[in-house]
Structure formats: structure tokens, C-alpha cells
Amino acid sequence: MVEGRPIAVDAEGYLLDRQDWSEAFVRALARQEGLALTDEHWELIRFLREHFAAHGVQAQVRVMIREFSARWGAERGSNHALHDLFPRGGPQKQGNRLAGLLRTKGEH
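Residues numbered from 1 in each chain as written. Predicted model: local features only at pLDDT ≥ 70, side-chain atom pairs only at ≥ 80, totals over all residues. Heavy atoms only, no water.

Draft legend 1. Quick peek at the overall build of the chain. Each helix and strand in the chain was counted, giving five helices and zero strands. Along the chain, from the amino end to the carboxyl end, the secondary structure elements read α-α-α-α-α. Relative to a compact globule of 108 residues, whose C-alpha radius of gyration would be 13 Å, the chain shows 13 Å and is just as compact. Taking the principal axes of the C-alpha coordinates as reference, the chain spans close to 40 × 30 × 25 Å. Considering the chain as a whole, with its 108 residues, one finds that 43% of them fall into the buried category. Nonlocal contacts in the chain, meaning residues at least 24 apart in sequence, comprise 51% of its contacts between residues at least 6 apart. A total of about 6,300 Å² of accessible surface is found on the chain, and carbon and sulfur atoms cover 49% of it. (Helix = DSSP H or I, 4+ residues; strand = E, 2+ residues; numbered from the N terminus. Rg over C-alpha atoms; globule rule 2.2 N^0.38 Å. Buried < 20%, exposed > 50% of the residue type's maximum accessible area, 1.4 Å probe, protein only. Contact = heavy atoms within 4.5 Å. Areas by Shrake-Rupley, 256 points an atom, 1.4 Å probe, with all protein chains shown as cover.)

If you want it as C-alpha cells, here you go:
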């Protein structure tokens, strides 16, 4: 339930309809996953949504690393740091889930 209405997700929390995404959905799913959202989380979530809107595909982790190493510095934008930020599957799984994007190809 998000803002009083049910939002359909699959067993892993991915939206079934991307149109149901909202910041309230992000807060609800993050709370359910035990993730305390920071400005860095929001910045990466917005990047994922913008990248998908611009390119029609989800950002690969290497694209995220390149982008956030430039924004935040090599250490904070590293693969390890991005996975620490999204501990339940890294930025490509948990990040995409929170960004309202679909499961990536080959994901189990």
C-alpha cells in the first residue's frame, strides 16, 4: 500500500506497471527492505530513471561507476561503495527496483 492504494509488485518487489512509480513508492519499498534513504540513494535512483528515459535501457553497473566516480570521487563512486549503498542486490537490482524499473535481463 502506497498513499492508501495498493501497488502491484512481483515477488521481489519490482513494479508490475512502471506508471505506478512515485517517490512515496520508493520510501515504502525502502522501508520494507530496511534501507534508510540518503541524498546519495535519491541521486542514484534519479540517475537510473533519467538514464532509462534517455536511452530506453537500464544503466549497466560500469556506467553507474563511471558517472558516480565523476560526481562523488573514485572511492564513493566505486563498485564496492555502490553495492554498500544498495546492499540487497546492488544498484542494478535494488537500485532499479526502487527506481521503478523492470528486472534486468538474466536476473534470477
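From this point, the narrative continues.
Draft legend 2. Broad picture of the pattern of salt bridges. Counting across every chain of the model gives six salt bridges. Between Arg 5 and Asp 20 there is a salt bridge; the shortest N-O distance is 3.6 Å. Placement of Arg 5 in the segment before helix 1 (23-32) and of Asp 20 in the segment before helix 1 is noted, with a sequence separation of 15 residues between them. Between Glu 67 and Arg 71 there is a salt bridge; the shortest N-O distance is 2.7 Å. Separated by four residues within a single helix, Glu 67 and Arg 71 lie in helix 3 (residues 61-72), roughly one turn from each other. (Salt bridge = Lys/Arg side-chain N within 4 Å of Asp/Glu carboxyl O.)

Draft legend 3. Geometry of the nonpolar core. Judged by nonpolar contacts, the single largest core of 28 residues is most densely connected at Leu 44, Phe 47, Leu 48, Met 64, Phe 86 and Leu 98. Among the secondary structure elements, those contributing two or more residues to this core are helix 1, helix 2 (39-55), helix 3 and helix 4 (79-85). If we skip the residues at most four places from it in the chain, Leu 48 touches Ala 59, Met 64, Pro 91, Gly 95, Asn 96, Ala 99 and Leu 101. (Core = buried A, V, L, I, M, F, W, Y, C linked by side-chain atoms within 4.5 Å.)

Draft legend 4. How the structure looks around the packing of helix 2 against helix 3. It is at 12 Å that the axes of helix 2 and helix 3 come closest, and there the two elements cross at 130°. What the angle tells us is that helix 2 and helix 3 run oblique. Between helix 2 and helix 3 the crossing geometry is right-handed. Along the contact surface, helix 2 presents Glu 40, Glu 43, Leu 44, Phe 47, Leu 48 and His 51, while helix 3 presents Val 63, Met 64, Glu 67, Phe 68, Arg 71 and Trp 72. When the residues that make up the contact of helix 2 with helix 3 are grouped by side-chain class, the tally is seven nonpolar, one polar and four charged. (Axes fitted to C-alpha atoms, helices over the stretch in contact; angles between N-to-C directions. Parallel < 35°, antiparallel > 145°, perpendicular 65-115°, else oblique. Left-handed = near helix turned anticlockwise from the far one by under 90°. Nonpolar A, V, L, I, M, F, W, Y, C, P; charged D, E, K, R; others polar.)

Draft legend 5. Representation of the packing of helix 1 against helix 2. Packing of helix 1 against helix 2 brings their axes to within 13 Å, and their N-to-C directions diverge by 125°. When the interaxial angle is binned, helix 1 and helix 2 end up oblique. Relative to helix 2, helix 1 is oriented so that their crossing is right-handed. Each of Glu 23, Val 26 and Arg 27 in helix 1 lies in contact with helix 2, whose residues at this interface are Trp 42, Ile 45 and Arg 46. Residues of the contact of helix 1 with helix 2, tallied by class, amount to three nonpolar, no polar and three charged.

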